[in-house]
Amino acid sequence: MSSTPGTHSLAFRVMRLCRPSLHVEPPLRVDPTDLFIGEDIFDDPIAASNLPPLISSDVTTNKSSDLTYRSRFLLHDSADSIGLSGLLVLPQAFGAIYLGETFCSYISINNSSTLEVRDVVIKAEIQTDKQRILLLDTSKSPVESIRAGGRYDFIVEHDVKELGAHTLVCTALYSDGEGERKYLPQFFKFIVSNPLSVRTKVRVVKEITFLEACIENHTKSNLYMDQVEFEPSQNWSATMLKADGPHSDYNAQSREIFKPPVLIRSGGGIHNYLYQLKMLSHGSSSPVKVQGSNVLGKLQITWRTNLGEPGRLQTQQILGTTITSKEIELNVVEVPSVVGIDKPFLALAPVEAFGSTDFHLNLIATKLGVQRITGITVFDKLEKITYDSLPDLEVGDLWFLALFIRD
């Protein structure tokens, strides 16, 4: 079996399959009226009606008879002002390939010899630093023959999930016109870049956690975000918060049917998303904090480019503030500002496992001014354990304290 370079009858040709781009004509066309008199002439109806016939001459109306191309920059139609010719341009190279896209390639193996080749086994695979992914293998059903000057075409696809250098490896094992078995390898390299970056901030306000996600566009084209959803972990629920805009019944109905995508402009455009997270209660009246439940969830992001090329990314797990589990939590529920003077009274109730209860503690201040209350703890008679004390409080002269205790 021979693999000597330069002696092969076959050769691979690779073209990336992607959406075409719009062909834009760089020279902007102008209205001939503006060249001679400007647009202010139309402010005067009499002057506008007496425009010289030069404006409507054959220079602007009969462009097919102009062999000197002297009217090539004139605006013959109002649509010409946007600079789009109506033509689409096919990709001339691999171009930029981004993480989350689907790499699709059209591969043609050509027989450039004058003899037919037979029993062609074709393989195509993607190689990265971490793995090798087989895209095509015709070992079980080889191509019977490729005539002289003929070709065999096929298409391969690969969901890009890794950054960095990638190599598309195409190999062919065949018998040439003289019956010699030959092996042809060819390599096509490309780089995968990151299309966007996601920066997150987590803030905790009382029992509510707020997650802010900032998405920045690193590509050279605009990205239209179809979906940016937060998938919370099993201990959390999530709600996206949006700014209030002008409200109407028509807009509300149309937005339920069609969600307009969010535009993030090319070259560093950003957009912020805000989510409100709450810990699930699991059937109890108050949420149960689970030790190690600082995993909030992950973001699912899908987008399209200018001509609808899709992309999809999923972030890693987003972490919040580490939650340490306590056997008993002691929290202040209510501190009224004014109460009547009463005798000291202490009312306690047993706390069931994984339950909660309220108890009231009536106290009387012994001196005027702001008082600091310290040392309120919970003591378990059975286990002989004293739990963490309530944080210090500052209250006025007479006060009534209501506590909430949860196991």
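Residues numbered from 1 in each chain as written. Predicted model: local features only at pLDDT ≥ 70, side-chain atom pairs only at ≥ 80, totals over all residues. Heavy atoms only, no water.

- The protein chain is annotated in an unreviewed UniProt entry as Trafficking protein particle complex subunit 13 from Citrus sinensis.

**A look at the sheet that holds strand β1 (residues 10-16)**
Part 1 of the reasoning: With antiparallel pairing, the three strands of this open sheet are ordered in space as β1-β5-β9. Pairing within the sheet leaves two strands with one partner each, and these edge strands are β1 and β9 (151-159). With direction set aside, neighbouring strand axes in the sheet form an average angle of 25 degrees.
Part 2 of the reasoning: As defined by bridge partners, β1 adjoins strand β5 (residues 102-111) across seven bridges and the pair is classed as antiparallel. Bridge pairing in β5 places Ala11 opposite Asn110. (Pairing = 2+ DSSP bridges. Helix = DSSP H or I, 4+ residues; strand = E, 2+ residues; numbered from the N terminus. Axes fitted to C-alpha atoms, helices over the stretch in contact; angles between N-to-C directions.)

**Notes on the pattern of salt bridges**
Part 1 of the reasoning: Applying the stated criterion to the full structure yields seven salt bridges.
Part 2 of the reasoning: The partner of Glu116 in a salt bridge is Arg118, with the nearest N and O atoms 3.3 Å apart.
Part 3 of the reasoning: According to the relative accessible area criterion, Glu116 is partly exposed, its value standing at 36%.
Part 4 of the reasoning: A salt bridge links Arg304 to Asp226; the shortest N-O distance between them is 3.4 Å. Residue Arg304 is found in strand β18 (residues 295-304), and its partner Asp226 is found in strand β14 (residues 223-232); the two are separated by 78 residues along the sequence.
Part 5 of the reasoning: The exposure class assigned to Asp226 is partly exposed, which follows from its relative accessible area of 41%. (Salt bridge = Lys/Arg side-chain N within 4 Å of Asp/Glu carboxyl O. Buried < 20%, exposed > 50% of the residue type's maximum accessible area, 1.4 Å probe, protein only.)

**What to know about unusual backbone geometry**
Part 1 of the reasoning: Positive phi values are uncommon outside glycine, yet Asp119 reaches one of about 50 degrees.
Part 2 of the reasoning: Topologically, Asp119 is positioned in strand β6 (residues 117-127).

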